Amino acid sequence: QVQLVESGGGLVQPGGSLRLSCAASGSIFSIYTMGWYRQAPGKQRELVATITSGGITNYRDSVKGRFTISKDNAKNTVYLQMNSLKPDDTAVYYCNLKLFNRPGVDYWGQGTQVTVSS
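Note that the structure is a prediction, hence the values are computed from the model and not measured.

Q: How should I be thinking about the side chain of Thr 112 in this particular structure?
A: Within the fold, Thr 112 resides in strand β11 (residues 112–116). Among the polar contacts made by the side chain of Thr 112, one reaches the main-chain amide nitrogen of Gly 9 at a distance of 3.3 Å. Those residues in contact with Thr 112 that lie beyond four places of it in its chain are Glu 6, Gly 9, Leu 20, Ala 91, Val 92 and Tyr 93.

Q: Help me understand the nonpolar core, please; the structure alone is not making it clear to me.
A: The tendency in soluble globular proteins is for nonpolar side chains to be buried as a group. Within the largest apolar cluster, 31 residues are counted, with the highest numbers of intra-cluster contacts made by Leu 4, Met 34, Trp 36, Leu 80, Met 82, Tyr 93 and Leu 97. The set of elements that each furnish at least two residues to this core consists of β1 (2–7), β3 (18–26), β4 (31–39), β5 (46–52), β7 (67–72), β8 (77–82), β9 (91–99) and β11. The element that contributes the greatest number of residues to this core is β9, accounting for five residues.

Q: Help me out: how do you make sense of the state of the cysteines in this one?
A: Linking two cysteines covalently via their sulfur atoms produces the bond known as a disulfide. Following the criterion strictly, the structure yields one disulfide and no others. For Cys 22, the disulfide goes to Cys 95, at an S-S distance of 2.1 Å. As the torsion about the S-S bond is roughly -85 degrees, the Cys 22-Cys 95 disulfide counts as left-handed. Highlighted residues: Cys 22 in strand β3 and Cys 95 in strand β9, separated in sequence by 73 residues. We note that Cys 22, like Cys 95, is buried.

Q: What's the story with the pairing of β1 in this structure? I'm lost.
A: For a regular strand, side chains alternate in direction, first toward one face of the sheet and then toward the other. The two faces of β1 differ: Val 2, Leu 4 and Glu 6 on one face are buried, but Gln 3, Val 5 and Ser 7 on the other face are not. Examined bridge by bridge, β1 and β3 share six bridges and lie antiparallel to one another. Bridging from a neighbouring strand, Ser 7 pairs with Ser 21 of β3.

Q: Even after reading the chapter, I still don't get the packing of aromatic side chains, so can you show me in this structure?
A: Each aromatic ring pair is described using two quantities: the centre-to-centre distance and the angle formed by the ring planes. Across all of its chains, the model carries two aromatic pairs by this definition. Consider the rings of Tyr 32 and Phe 100, whose centres lie 4.9 Å apart with planes at 50 degrees: the pair is tilted. Here the residue Tyr 32 occupies a position in strand β4, and Phe 100 occupies one in the loop between β9 and β10 (107–108), the gap between them amounting to 68 residues. For Tyr 32, a relative accessible area of 40% gives the class partly exposed. Judged by centre distance (5.1 Å) and plane angle (75 degrees), the rings of Tyr 37 and Trp 108 are edge-to-face. One end of the pair, Tyr 37, is in strand β4; the other, Trp 108, is in strand β10, and 71 residues separate them in sequence. Judged by its relative accessible area of 35%, Trp 108 is partly exposed. It is Arg 19 that lies over the ring of Tyr 79; its NZ or CZ is 4.1 Å from the centre.

Rules used throughout
Residues numbered from 1 in each chain as written. Predicted model: local features only at pLDDT ≥ 70, side-chain atom pairs only at ≥ 80, totals over all residues. Heavy atoms only, no water. Helix = DSSP H or I, 4+ residues; strand = E, 2+ residues; numbered from the N terminus. Polar contact = N/O pair within 3.5 Å; in protein donor to acceptor, adjacent residues only side chain to side chain. Contact = heavy atoms within 4.5 Å. Core = buried A, V, L, I, M, F, W, Y, C linked by side-chain atoms within 4.5 Å. Buried < 20%, exposed > 50% of the residue type's maximum accessible area, 1.4 Å probe, protein only. Disulfide = S-S within 2.5 Å. Pairing = 2+ DSSP bridges. Phe/Tyr/Trp six-rings, centres within 6.5 Å; stacked < 30°, edge-to-face > 60°. Lys NZ or Arg CZ within 6 Å of the ring centre and 35° of its normal.

What follows is the structure, given as structure tokens:
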């Protein structure tokens, strides 16, 4: 069993910053990727950023240059530093985990709300 616990969401003004954290625990033997997705009301869940076990990162175009994903392998934790936030970034952000030994299986956190508003 795998657990993902997120933290760091909240309300911030446009142009502000937030840092999300996601700690993975449980039956984790070999992490393939960890990442962040988001879902705004009435919209589909979309990829924000991912990072592989080797440190290769991938970002959606609209967050490039503003968001930075990083990880701490010793803690099985992934972070998302979000700068220059815009109202369009408002969504529930979900942590995602994929394991080498469980291909095709996605593990999700409970989600954390990020609201960008003046």
